[in-house]
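One-letter residues, chain by chain:
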Amino acid sequence: MMPWPLNTLLLGLLAASTFAAAADAPVAVVEAKIDGNALYQTNCASCHGADRLGLNGPALLPGNLERLRRPEAIKTIAEGRIATQMPGFSDKLNAAEVKALTDLIYTPLASTPVWGLKEMQASRIAHQTNKLPDTPVFTADPLNLFIVVELGDHHATILDGDKFEPITRFATRYALHGGPKFSPDGRYVYFASRDGWVAKYDIWNLTLISEIRVGINTRNLAISSDGRYAMIANYLPHSMVVLDTQDLRPVKIIDVKDDSGKSSRVSAVYDAAPRNSFIAALKDIPEVWEFSYTDKNGTPSFQPRRIQLDDYVDDFFFDGSYTHLIGSSRGGVGQVIDLNAGKRITTVALPGMPHLGSGITWAYQGKPVLATPNLKEGVVTVVDMTNWQIEKQIPTLGPGFFMRSHENTPYAWVDVFNGTKDRDVIQIIDKQKLEVIAQLRPSPGKVAAHTEFSRDGKYALVSIWENDGELVIYDAKTLQVVKRLPMKKPSGKYNVFNKITRSAGTSH
Ligand code: DHE
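Please read these numbers as outputs of a predicted model, since none were measured by experiment.

*Asks:* Give me the lowdown on the overall build of the chain, citing residues and values where you can.
*Replies:* Assigned secondary structure in the chain consists of seven helices and 33 strands. On C-alpha atoms alone, the chain measures out to a radius of gyration of 24 Å, which is about the 23 Å that the 2.2 N^0.38 rule sets for 508 residues. Projected onto its principal axes, the C-alpha positions of the chain cover 90 × 55 × 50 Å. Per-residue burial for the chain yields a buried fraction of 54% across its 508 residues. Considering only intrachain contacts with a sequence separation of at least 6, the fraction spanning at least 24 residues in the chain is 48%. Between the centroid of the 55 positive side chains of the chain and the centroid of its 54 negative side chains there is a distance of 1 Å.

*Asks:* Give a detailed account of the pairing of strand β2 (residues 145-150), specifying residues and quantitative values.
*Replies:* Most of β2 is tucked away, with six of its six residues classed as buried. With burial as the criterion, each face of β2 is covered, one bearing Leu-145, Ile-147 and Val-149 and the other bearing Phe-146, Val-148 and Glu-150. For β2 and strand β3 (residues 155-160), the ladder comprises six bridges, and the chain directions are antiparallel. The residue bridging Glu-150 from the neighbouring strand is His-155, located in β3. The loop that links β2 with its antiparallel partner β3 comprises four residues; one of these, His-154, has a positive phi angle of about 55 degrees.

*Asks:* Now, about the sheet that holds strand β20 (residues 343-348): what can you tell me, with residues and values included?
*Replies:* Read from one edge to the other, the open sheet built from four strands follows the order β17-β18-β19-β20, with strand pairing classed as antiparallel. The sheet is open, and its two edges are formed by β17 (315-318) and β20, each paired on a single side. Within this sheet the neighbouring strands show an average axis-to-axis angle of 25 degrees, counted without direction. Relative to strand β18 (residues 324-328), β17 is paired through four bridges, and the arrangement is antiparallel. By the bridge assignment, Phe-318 is partnered in β18 with Leu-325.

*Asks:* Quick rundown of the coordination of the iron atom of the ligand? Include the residues and the values.
*Replies:* Working reference: metal with six octahedral donors, ideal angles 90 or 180 degrees; metal with four tetrahedral donors, ideal angle 109.5 degrees. Looking at the iron atom of the ligand, one finds just one donor atom contributed by the protein, His-177 (NE2), at 2.2 Å. Positionally, His-177 belongs in the loop between β4 (165-171) and β5 (181-182).

*Asks:* Describe the site of the ligand, and please don't skip the residues or the numbers.
*Replies:* The local shell around the ligand holds 23 residues, among which His-177, Lys-181, Arg-194, Arg-404 and Ser-507 are the closest. For the ligand, a nitrogen atom lies 3.0 Å from a polar atom in the side chain of His-177. Arg-194 is positioned such that a nitrogen or oxygen atom in its side chain is 2.6 Å from an oxygen atom of the ligand. Elements with a contribution of two residues or more to the shell around the ligand: β9 (217-223), β13 (266-272) and β33 (490-495). The element contributing the most residues to the shell around the ligand is β9, with three residues.

*Asks:* I'd like to hear about the packing of helix α4 (residues 70-79) against helix α5 (residues 95-105), residue by residue, with values.
*Replies:* Relative to each other, α4 and α5 sit at 125 degrees, their axes nearing to 9 Å. The angle between the axes of α4 and α5 places the two elements in the oblique class. Relative to α5, α4 is oriented so that their crossing is right-handed. Each of Arg-70, Ala-73, Ile-74 and Ile-77 in α4 lies in contact with α5, whose residues at this interface are Val-98, Leu-101, Thr-102 and Asp-103. When grouped by side-chain class, the residues that make up the contact of α4 with α5 number five nonpolar, one polar and two charged.

*Asks:* Could you give me a rundown of the nonpolar core, with the residues and numbers involved?
*Replies:* Membership of the largest hydrophobic core comes to 22 residues, with the highest contact counts inside it found for Val-198, Ile-212, Val-214, Leu-221, Ile-232 and Leu-243. Counting residues per element, the ones that place at least two in this core are β6 (188-192), β8 (207-213), β9, β10 (229-236) and β11 (239-244). Not counting chain neighbours up to four residues away, the residues in contact with Leu-221 comprise Gly-179, Lys-181, Tyr-190, Phe-191, Ala-192, Val-198, Met-231, Ile-232 and Val-269.

*Asks:* A description of the sheet that holds strand β25 (residues 403-404) should follow, citing residues and the corresponding values.
*Replies:* Strand order in the open sheet made by the four strands is β25-β26-β27-β28, with antiparallel pairing throughout. One side of each edge strand has no neighbouring strand; the edge strands of this open sheet are β25 and β28 (435-440). Looking at chain direction, β25 and strand β26 (residues 411-415) are connected through two bridges and run antiparallel. Along β26, the bridge assignment pairs Met-403 with Val-414.

*Asks:* If you had to explain helix α2 (residues 36-43) to someone new, which residues and values would you point to?
*Replies:* The buried fraction of α2 is high, at six of eight residues. The opening residue of α2, the one whose side-chain oxygen lies 3.0 Å from the backbone nitrogen of Asn-37, is Asp-35.

*Asks:* Quick rundown of the environment of Val-382? Include the residues and the values.
*Replies:* Summarising the element assignment, Val-382 is placed in strand β23 (residues 379-384). The class for Val-382 is buried, based on a relative accessible area of 0%. With residues near it in sequence (within four places) discarded, Val-382 still touches Val-369, Leu-370, Ala-371, Gln-389, Ile-390, Glu-391, Lys-392, Ile-394 and Leu-434.

*Asks:* If you had to explain the pairing of β28 to someone new, which residues and values would you point to?
*Replies:* Sheet analysis places strand β27 (residues 426-430) next to β28, joined by five bridges and oriented antiparallel. Looking at β28, one finds that Ile-429 is bridged to Val-436.

*Asks:* Mind laying out the packing of aromatic side chains, listing which residues take part and the relevant values?
*Replies:* The relation between two aromatic rings is expressed through the spacing of the ring centres and the mutual angle of the planes. All told, the structure shown has 17 aromatic pairs when counted by the stated rule. Between Tyr-229 and Phe-302, the aromatic rings sit 5.1 Å apart at their centres with planes inclined by 80 degrees, giving edge-to-face as the arrangement. Taken together, the residues span a long stretch of sequence, with Tyr-229 in strand β10 and Phe-302 in the loop between β15 (287-292) and β16 (305-308) at a distance of 73 residues. Like Phe-302, Tyr-229 is buried. Linked through ring pairs, Tyr-270, Phe-316, Phe-318 and Tyr-322 together constitute an aromatic cluster. Directly above the aromatic system of Trp-115 lies the positively charged group of Arg-213, at a separation of 5.0 Å from the ring centroid.

Parameters at a glance
Residues numbered from 1 in each chain as written. Predicted model: local features only at pLDDT ≥ 70, side-chain atom pairs only at ≥ 80, totals over all residues. Heavy atoms only, no water. Helix = DSSP H or I, 4+ residues; strand = E, 2+ residues; numbered from the N terminus. Rg over C-alpha atoms; globule rule 2.2 N^0.38 Å. Buried < 20%, exposed > 50% of the residue type's maximum accessible area, 1.4 Å probe, protein only. Contact = heavy atoms within 4.5 Å. Lys, Arg positive; Asp, Glu negative; His and termini not counted. Charge placed at Lys NZ, Arg CZ, Asp CG, Glu CD. Pairing = 2+ DSSP bridges. Axes fitted to C-alpha atoms, helices over the stretch in contact; angles between N-to-C directions. Donors = N, O, S within 2.8 Å, 3.2 Å for Na, K, Ca; no water. Near = heavy atom within 4 Å. Polar contact = N/O pair within 3.5 Å; in protein donor to acceptor, adjacent residues only side chain to side chain. Parallel < 35°, antiparallel > 145°, perpendicular 65-115°, else oblique. Left-handed = near helix turned anticlockwise from the far one by under 90°. Nonpolar A, V, L, I, M, F, W, Y, C, P; charged D, E, K, R; others polar. Core = buried A, V, L, I, M, F, W, Y, C linked by side-chain atoms within 4.5 Å. Phe/Tyr/Trp six-rings, centres within 6.5 Å; stacked < 30°, edge-to-face > 60°. Lys NZ or Arg CZ within 6 Å of the ring centre and 35° of its normal.

As structure tokens, this is what we get:
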């Protein structure tokens, strides 16, 4: 980085030349040039990376901004972006400075970063190669553990889900994002960080096994239902990566491109266990891709089955049998895709910006319903999954982010994380009345978000989203606090049993 921003130097030169020329009028007027790069380093680099390759914010390169037109980019820099951590800068930067930043982010880098097989292999670290015991080194129920991701200082805690006592706490890569995923028996947990690191951790032996960097800017990862493969979705490069879960060795890298050669970021990838496949949606190409992992002759080919659509899919959810995918795009309509037929069968009039990734299902009057919080409006939308009609819009105190329930509780819990006020509230919805019946303030004045239930559904754990935050543990029936545990910005917590049994009340 330059010791002095270019605009300071130019202003200095301008002042000097004005002084020197004072005696010899007329003076030429030189306009100070705004240095977009210096502005970027001051205002953007801490989240988007000094090199614009992304950190906990996405990469800011022309190839990754394809769906964001310049006027929208200007608005985003000035006003912030809904449903993300991106603040508005209009109080710090003037219009010309915002424009200079916009010009910068639409300028290609001098050299395009490469992250291929060679780079991945070189990054792989085998922390543990010895065979470790096949029984847990602790006495707690190995299926009723919670993995708590603490974003505040980039650690994870393994929590005994009966005693609510930490078993261990260990450092993770920087800025984990998305739910960690488990092996089918719950022994191993896999993490993905926003900057592309995937880690495999042996919960029973409390030991980190291996790590590999699979991308520069990563979305999320999925584990096959047979436990053999991990599939990772990337924003940068425009790729998907398959790893052998045994040792995290790369099995296949898939360039994400359409027939014309246009490449795309990947919105996310999920395991569709009943179909024995991974399903991914693309951000810049209106397609959904399915990768079967049923072996015909040894290693699956991981050739995508491409389902072409009329609209992009940014956020999505599946029905219980994984026959239907319900997708939405920022500002678009909800579309229901029949994965067997390989086409869109209907649309759903979802208002605002539903957060389908946080959707949950339950039985209501004998039929399955899907409920989703909304990132833009104070409403939880309940959709009848037999006919894709809206059953009810439940008004809430403000836009939410995460929603959770469990088979053994009559309630669903939703936060006001995306609101401008009441962000310290968790609202409790009665799943049969379809209305809010209680609201909790776990720690008044502090942001509360992300609930997860214990294995039996008797306890609900809520995060206080602060660097010096907490897990607040509730009796899910009486709605009384039973314990508080200090944690560093516990962004999410994941119960082994609920995840590996695919509880309808949690994310998969
Ligand atoms: Fe997330 C899950 C996408 C912003 C915290 N988030 C996910 C998943 C996706 C996603 C696709 C599911 C992945 C999985 O579990 O396999 N998130 C996005 C976005 O597109 C968005 C809106 C913009 C972005 O910056 O990428 C976004 N997410 C955020 C945040 O700002 C949050 C609050 C803080 C952070 O960590 O950056 C955040 N997202 C989370 C968490 C989960 C998640 C805690 C896991 C939820 C779960 O319980 O499964």
